[in-house]
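# Overview (structure and organization)
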Amino acid sequence: MRNKRITALALAGMMGVMTLASGITAYAATGWQQNGDSYTYYDADGSLHKGWISTSDGYYYMDLSTGVMTKGWKQINDKWYYFKNDGKMSVGWVNDNNKWYYTLSDGTLVQNQWLKINNDYFYMRGDGSMAYGWRNMDNSWFYFDKENGTCYVNCWKEIDGSWYHFGADGKMMTGWQQVDGSYYYLHTDGKMLTGWLSDNVNKYYMDASNGKMSIGWKQIDNAWYYFNNSGHMQTGWIQVNGSYYYLETDGKMVAGTTRTINGVNYEFASNGVCNTNGVSTNNTYNGSSATGSTGSGDSSGGPGSTGGSSGGPGGTNSGTTQGAASPTGNTGNTGATLGTSPTSSTAGSSTTPGGSTTPGGSSGSSGDDLQAGLTVGPKP
């Protein structure tokens, strides 16, 4: 009997120890637990937590299958999130594999959308990465700075040795454009053209240093030419400030010689002024209104004076672009050789470290088509 009583007491003691140990284990498992490089979280009842955890430091996500704390990219309910190495959900800019991404205040990744931060515009591609360089979207070309990804808006930019102008909506401009009162011609590939242009009716000269359309007197390759207010090169007799000049069929001013014109001998001074009376005023262009005009084109001082020249495009970024009308309202072909279109970029990588699928990787598309998103693109 005594032995049975001792055995019962021993069993009761062991049960108590086991109960106490169980309570201690449950208490020890509450909160964060580390196992190597992985973390788990146990609730107050000792159960393994899965899903979102909200703390004073931020949000964490515990895998629904294993309960392990998430790091890196994670797709949750069709939305992508990024979790830092400490497991905290990222908000704002994320740099991963030398690509920039942006997550909103709720942690969701911006994809296929324009993103406006302060006064800067960015485009986040289908995989969420920030666009750089030339992008063709919405049937227009845009350019995003290769260093910081900002969209060029309402400015001149020199890219790979050529000048381009981007409108208030960020789109690359083409054709005739009036900027800060001067006319420029941007080819179909957006490059600003310089030198001689022709629309098969009239000839124009775009200043070699700044691309401005010439108006009035212009010295080109040691010869003087005259362009009216529409930029058209003049030929024949012209009258400027009361003096007569004669321009050959190629536009060059006659100077320092005697020339027979329509059977009449005329004497021209070294500055091109005709010193012979009796010049016929029939079909004579009166250029007095164009001479000395300012702000509408590139104009030299005229024969015998020092011609002025302004800086190249980019000297001011405040210019306003006005439509695509030419100085004369003519949109004819300039006759220039077509250039190549801006080169489109290659779609980015679709994998992250560890081989996980990146945002947008499942569609197999770079996502460069403009879609409705967080914000619209730049607007005039």
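Here, every reference points to the structure presented above.
Nothing here was measured: the structure is a model prediction, and the numbers come from that model. (Residues numbered from 1 in each chain as written. Predicted model: local features only at pLDDT ≥ 70, side-chain atom pairs only at ≥ 80, totals over all residues. Heavy atoms only, no water.)

## Regarding the overall build of the chain
When you go through the chain residue by residue, the secondary structure sums to 1 helix and 25 strands. Buried positions account for 42% of the 380 residues belonging to the chain. At a minimum sequence separation of 6, the contacts of the chain that also span at least 24 residues come to 48%. For the chain, the accessible surface area stands at approximately 20400 Å², while carbon and sulfur atoms represent 46% of it. (Helix = DSSP H or I, 4+ residues; strand = E, 2+ residues; numbered from the N terminus. Buried < 20%, exposed > 50% of the residue type's maximum accessible area, 1.4 Å probe, protein only. Contact = heavy atoms within 4.5 Å. Areas by Shrake-Rupley, 256 points an atom, 1.4 Å probe, with all protein chains shown as cover.)

## Here we look at the sheet that holds strand S25 (residues 285-286)
Strand order across the open sheet formed by 3 strands is S22-S21-S25, with mixed pairing between neighbours. At either margin of the open sheet sits one strand with a lone partner, and together these are strand S22 (243-247) and S25. Here 2 bridges tie strand S21 (residues 236-240) to S25, and the two strands are oriented parallel to one another. Residue pairing across strands places Gln239 opposite Asn286, the latter belonging to S25. (Pairing = 2+ DSSP bridges.)

## Looking at the state of the cysteines
A disulfide bridge is the covalent bond that connects two cysteines by way of their sulfur atoms. Counting across every chain of the model gives 0 disulfides. Of the cysteine sulfurs around Cys155, a residue in no disulfide, the closest is that of Cys151, at 8.5 Å. (Disulfide = S-S within 2.5 Å.)

## Focus on the environment of Asp106
Here Asp106 lies in the loop between strand S8 (99-103) and strand S9 (113-117). Considering only alpha carbons, one finds Asp106 and Val91, 15 residues apart in sequence, at a separation of 7.4 Å. A polar side-chain atom of Asp106 sits 2.7 Å from a polar atom in the side chain of Thr108. (Polar contact = N/O pair within 3.5 Å; in protein donor to acceptor, adjacent residues only side chain to side chain.)

## What to know about the environment of Phe144
Its place among the elements puts Phe144 in strand S12 (residues 140-144). Judged by relative accessible area, which is 0%, Phe144 ranks as buried. Separated by 10 residues in the primary sequence, Phe144 and Trp134 have C-alpha atoms spaced 6.5 Å apart. Setting aside chain neighbours within four positions, we find Phe144 in contact with Trp114, Phe122, Tyr123, Ala131, Tyr132, Gly133, Arg135, Met137, Gly149, Thr150 and Cys151.

## Focus on the pattern of salt bridges
Summed over all chains, the structure comprises 4 salt bridges. Two residues, Asp63 and Lys74, come together in a salt bridge whose shortest N-O distance is 3.1 Å. Within this pair, whereas Asp63 is found in the loop between strand S4 (58-62) and strand S5 (72-76), its partner Lys74 is found in strand S5, the two being separated by 11 residues in sequence. On the accessibility criterion, Lys74 (22% relative accessible area) is partly exposed. The salt bridge involving Arg259 is made with Glu248; its shortest N-O contact spans 2.2 Å. Of the two residues, Arg259 is situated in strand S23 (residues 257-261) and Glu248 in the loop between S22 and S23; the sequence distance between them amounts to 11 residues. Residue classification places Arg259 among the partly exposed positions, given a relative accessible area of 28%. (Salt bridge = Lys/Arg side-chain N within 4 Å of Asp/Glu carboxyl O.)

## Focus: the pairing of S5
Sheet topology note: the S5/strand S6 (residues 79-83) ladder contains 5 bridges and is antiparallel. Bridging from a neighbouring strand, Gly72 pairs with Phe83 of S6.

## Re the side chain of Asn228
With respect to the element layout, Asn228 can be found in the loop between strand S20 (223-227) and S21. Judged by relative accessible area, Asn228 falls into the buried class, the value being 12%. At a separation of 2.9 Å, a polar atom in the side chain of Asn228 contacts the main-chain amide nitrogen of His232. Not counting chain neighbours up to four residues away, the residues in contact with Asn228 comprise Ile215, Gln234 and Tyr285.

## A short note on the side chain of Ser162
On the secondary structure map, Ser162 appears in strand S14 (residues 162-166). What Ser162 contacts, discounting residues up to four positions off in sequence, is Lys157 and Lys191.

## Let's talk about the packing of aromatic side chains
Going through the model one piece at a time under the given rule, you end up with 38 aromatic pairs. Arranged with centres 5.1 Å apart and planes meeting at 75°, the rings of Trp32 and Tyr41 form a pair that is edge-to-face. Owing to a relative accessible area of 35%, Trp32 belongs among the partly exposed residues under this scheme. Of the aromatic side chains, those joined through ring pairs into one cluster are Trp134, Trp141, Tyr143, Tyr152, Tyr164 and Phe166. (Phe/Tyr/Trp six-rings, centres within 6.5 Å; stacked < 30°, edge-to-face > 60°.)

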